[in-house]
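Structural description and commentary
What follows is the residue order along each chain.
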Amino acid sequence: MKQKNQNLIQQLIGGALFLGVIVMLGVLSVRYNVKQDWTFNKRNTISVASQKQLAGMKDPVRFVAFAYPGAPERASVQFFVEQYQRFKKDVSLEYIDPSSQPQKVKEFNVSFAGEVVLEYQGRRENLRALSEQNITGALQRLSYSGEKWIVFLEGHGERAVVEGQDQGAYTRFAQVLKDKGLNYQALNLIKTPSIPDNTSVLVVASPRSELLEGEIRLIDAYVEKGGNLLWMADPDHTPGLKPVAERLGITWQDGYAVFPEYELLGTGHPGIFAALDYPPNPVTRGMDRVTLFPLVRSLKASEKSAGGWTATPLLTSSPEAWLETQPIGDAGVSLDPAAGDIAGPLTIGMTLTRELPDPTAPAPAPAKEGEPPAPAATHQQRVVLIGDADFISDGSLSQLGNQQLGLNVVQWLASRDAQLDIDVPKAPDTNLFLPNWAIVLIAGGFVIALPLLLIGIGVTRWIVRRRR
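The paragraphs below set out a description of the structure included in this document. (Residues numbered from 1 in each chain as written. Predicted model: local features only at pLDDT ≥ 70, side-chain atom pairs only at ≥ 80, totals over all residues. Heavy atoms only, no water.)

1. Focus: the overall build of the protein
Put simply, the rule is: Counting from the N terminus, the helices are the DSSP runs of H or I reaching at least four residues and the strands are the DSSP runs of E reaching at least two. Accessibility here uses a 1.4 Å probe with only protein chains present; expressed as a share of the type maximum, an area under 20% marks a residue as buried, one over 50% as exposed, and anything in between as partly exposed. Contacts were defined at the residue level, with two residues in contact if any of their heavy atoms lie within 4.5 Å.
Helices and strands together make up the secondary structure of the protein, namely eleven helices and 18 strands. Counting every position in the protein, which comprises 468 residues, the buried fraction comes to 39%. Considering only residue pairs separated by 6 or more positions, the protein has 72% of its internal contacts joining residues 24 or more positions apart.

2. Details of the sheet that holds strand E1 (residues 61-66)
The condition is simple: Criterion used throughout: strands pair if DSSP finds at least two bridges between them. The axes used here are C-alpha line fits, helices contributing only the stretch in contact, and every angle between their N-to-C directions lies in the interval 0 to 180 degrees.
Strands sit in the order E2-E1-E3-E4 across an open sheet of four strands; the sheet is mixed. Across the chains shown, the open sheet's two edge strands, defined by having one partner strand only, are strand E2 (91-96) and strand E4 (123-127). Each neighbouring strand pair of the sheet contributes to a mean axis angle of 20°, computed without reference to strand direction. As defined by bridge partners, E1 adjoins E2 across six bridges and the pair is classed as parallel. Paired with Arg62 across the strands is Ser92, a residue of E2. Taken strand by strand, helix H3 (residues 72-85) contacts E1, E2 and strand E3 (116-120), and its axis lies near 165° from that of E2. Against the sheet, helix H5 (residues 132-142) touches E1, E3 and E4, its axis set at about 160° to E4.

3. What about the environment of Leu142?
Among the structural elements, Leu142 can be located in helix H5. Apart from residues no more than four positions distant in its own chain, Leu142 is found in contact with Leu118, Tyr120, Arg123, Arg124 and Glu125.

4. Structural notes on H5
Taken across its eleven residues, H5 has eight buried, putting it largely inside the fold. Listed as buried for H5 are Glu132, Ile135, Thr136, Gly137, Ala138, Leu139, Gln140 and Leu142. Turning to H5, the residues buried within the fold contact helix H2 (48-55), E1, H3, E3, E4 and helix H6 (171-179).

5. Structural notes on the side chain of Asp234
Among the secondary structure elements, Asp234 is positioned in the loop between strand E8 (229-232) and helix H8 (242-248). Apart from residues no more than four positions distant in its own chain, Asp234 is found in contact with Arg159, Ser206, Arg297, Asp388, Ala389 and Asp390.

6. Observations regarding the sheet that holds strand E17 (residues 347-357)
Taken in spatial order, the seven strands of this open sheet run E6-E5-E7-E8-E18-E17-E14, and their pairing is mixed. Of all strands in the sheet, those bounded by a partner on one side alone are strand E6 (183-187) and strand E14 (310-316). In this sheet, neighbouring strand axes are inclined to one another by 20° on average, regardless of whether the strands run parallel or antiparallel. In this structure, strand E5 (residues 149-153) lies alongside strand E7 (residues 199-205), joined through four bridges in parallel fashion. Following the sheet pairing, Val151 is matched in E7 by Leu202. Taken strand by strand, helix H10 (residues 402-413) contacts E5, E7, E8, E14, E17 and strand E18 (378-386), and its axis lies near 150° from that of E18.

7. A short note on the packing of aromatic side chains
Quick note on the threshold: By convention, a stacked pair of Phe, Tyr or Trp rings (six-membered ring in the case of Trp) has centres within 6.5 Å and planes under 30 degrees apart, an edge-to-face pair has planes over 60 apart, and any other such pair is tilted. Note on criteria: charge over ring means Lys NZ or Arg CZ within 6 Å of the ring centre, with the direction from the centre no more than 35 degrees off the ring normal.
In total, this model carries nine aromatic pairs according to the counting rule given. Between Tyr170 and Phe173, the aromatic rings sit 6.5 Å apart at their centres with planes inclined by 70°, giving edge-to-face as the arrangement. Summarising the burial analysis for this pair, Tyr170 and Phe173 share the class buried. An aromatic cluster of at least three residues, connected via ring pairs, comprises Phe259, Phe273, Phe293 and Phe391. Sitting above the plane of the Phe108 ring, Arg124 keeps its charged end 3.9 Å from the centroid.

8. Here we look at helix H11 (residues 436-467)
Defined as follows: One less than the number of residues in a helix, times 1.5 Å, gives the span that helix is expected to have. Bending is quantified residue by residue as the angle between axes fitted to the seven-residue window ending at that residue and the seven-residue window starting at it.
Between its first and last C-alpha atoms H11 spans 45 Å; for 32 residues at 1.5 Å apiece the expected length is 46 Å, and the two agree. Taking the largest bend as the criterion, H11 deviates by roughly 40°, centred on Gly445.

9. Considering the pairing of E8
As a reminder of what qualifies: The handedness rule is simple: strands pointing away from the viewer, and a clockwise path from the first strand over the helix to the second, make the crossover right-handed.
Neither face of E8 is left uncovered, since the one carrying Leu229 and Trp231 and the one carrying Leu230 and Met232 both have all their residues buried. Assessed by its sense of winding, the connection that carries the chain from E7 through helix H7 (residues 213-224) to E8 is right-handed. In this sheet, E18 lies alongside E8 in parallel orientation, the contact comprising four bridges. The residue bridging Leu230 from the neighbouring strand is Val384, located in E18.

10. A closer look at unusual backbone geometry
Here the amide bond leading from Gly344 into Pro345 is cis, since omega sits at 5°, within 30 degrees of zero. With respect to the helices, strands and loops of the structure, Pro345 is situated in the loop between strand E16 (342-343) and E17. Phi is positive for Ser206, which is not a glycine, with a value near 50°. You can see Ser206 is positioned in the loop between E7 and H7. Here the phi dihedral of Leu295 falls at roughly 60°; this positive angle occurs in a residue that is not glycine. Look at Leu295 and you get partly exposed, because its relative accessible area is 32%.

11. Considering the nonpolar core
Inclusion rule: By nonpolar core we mean a set of buried residues, namely Ala, Val, Leu, Ile, Met, Phe, Trp, Tyr and Cys, connected to one another through side-chain atoms within 4.5 Å.
Grouped together as the largest cluster of nonpolar side chains are 42 residues, with contacts concentrated most on Leu230, Met232, Phe293, Leu315 and Ile386. Of all the secondary structure elements, the ones that give two or more residues to this core are E5, H6, E7, E8, strand E11 (272-275), E14, E18 and H10. Sort the elements by how many residues they give to this core and H10 lands first, with six residues. For Leu315, the contacting residues outside a window of four places in its chain are Phe273, Ala275, Tyr278, Pro279, Phe293, Leu346, Thr347, Ile348, Gly349, Ile386 and Leu405.

12. Let's talk about the pairing of E18
Two elements, E17 and E18, share nine bridges in a ladder whose sense is antiparallel. Looking at E18, one finds that Gly349 is bridged to Ile386.

13. Details of the pattern of salt bridges
For clarity, the threshold we go by: Between Lys or Arg on one side and Asp or Glu on the other, a salt bridge is scored when a side-chain nitrogen of the former is within 4 Å of a carboxyl oxygen of the latter.
For the structure on display, the rule yields eleven salt bridges. A salt bridge links Arg247 to Asp220; the nearest nitrogen and oxygen atoms lie 2.5 Å apart. Of this pair, Arg247 sits in helix H8 while Asp220 sits in helix H7, and the two are 27 residues apart along the sequence. The exposure class assigned to Asp220 is buried, which follows from its relative accessible area of 14%. Glu224 is the partner of Arg247 in a salt bridge, and the nearest nitrogen-oxygen pair spans 3.9 Å. Here Arg247 is found in helix H8, whereas its partner Glu224 is found in helix H7, with 23 residues between them in sequence. Judged by relative accessible area, Arg247 falls into the partly exposed class, the value being 28%. A single salt-bridge network, built from bridges that share partners, covers Arg62, Glu94, Lys104, Glu107, Glu119 and Arg124.

If you want it as structure tokens, here you go:
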């Protein structure tokens, strides 16, 4: 009897524990929401770049979807918004029925049902198609209220930013800048002899002919007043702009950089530079992508810059590389210091910074008696120098990390530090292409072979049963 009572007590305790576990799981399932993405390549989770973009946005983000009740577009919008809500709690979604609220359609400048309006800090952008690239790109553009103009110098054989068939042009890179909320324009200083006041970055992309003295003075004055500059110089063209180089305290070294490890890396030419890693620099912080530069030159900075510049390497070669001052021919090249060759490591890219008084900042308050005066507000002037202008051309932009590096350079120069290394890659191709024989095999299998197999199984079972 005692043993029976003990078994009954154990059963009651076990049942109570089981019910307790069930109740606890129910409470946890209501209180906490856990989602796991087990799809290939995390295709139902926004990328790290999008997560980083959301982390830099302090204010709420609002999605306004104009879709009819019950329309399939609502499910698509909900899917994308939930992905962003997982990483930013103040992302909200509002549905508006276009047929019942035509005043809202006019207010938000909506063209058709299914359009989504993204709103941040009172600024809006309409999205006609939803994808992570489109949404994160819009968030990047909405993050900054001021207009940032990237001005490309032209008129001397520089890389063009207009539509054309030239693979050396910058048309694709210019479109990428526009997608990131950076306006761009070309500037011919002969036609318009002044650099606009709202220029955020002036780009000098390896001029092929000499600039006029007046043009050089304008660019020199722009740098002297604190303008940000991106200056790229191919090894097969004289950089020119000597007064600007002197002001910056740098020297472009003539020749072609040679990289003897090209066979190991598989670049196919000893003059192609593959940047495998990067020295400490805010432009490349966190960047882990290889970049390719077709034919590069090196440069060096003065040990003591008269302008107060701080030079930081951006791209450096291995110690085995050298600067070849003789033409690279089929017979091969070798390091010859007697002929003027410069042994590595070489500096292929460099950033320059200096602190200047900020004319837009209010004057500091007068110091009280016995206290030191408050320091005057300053802003950082930024310059990037790269010994190659091909790496962001239309023919090279898609190579490995070239687009990301080019974006990082311009974003840093435009003082958009929070946008560095935020570039959402395109989604992998979801289409399946099969050869003709595979299509015939699959069609024959499902249309002919499988039905005949099922019929054969049925007939066989019928015959077996008849014999019984």
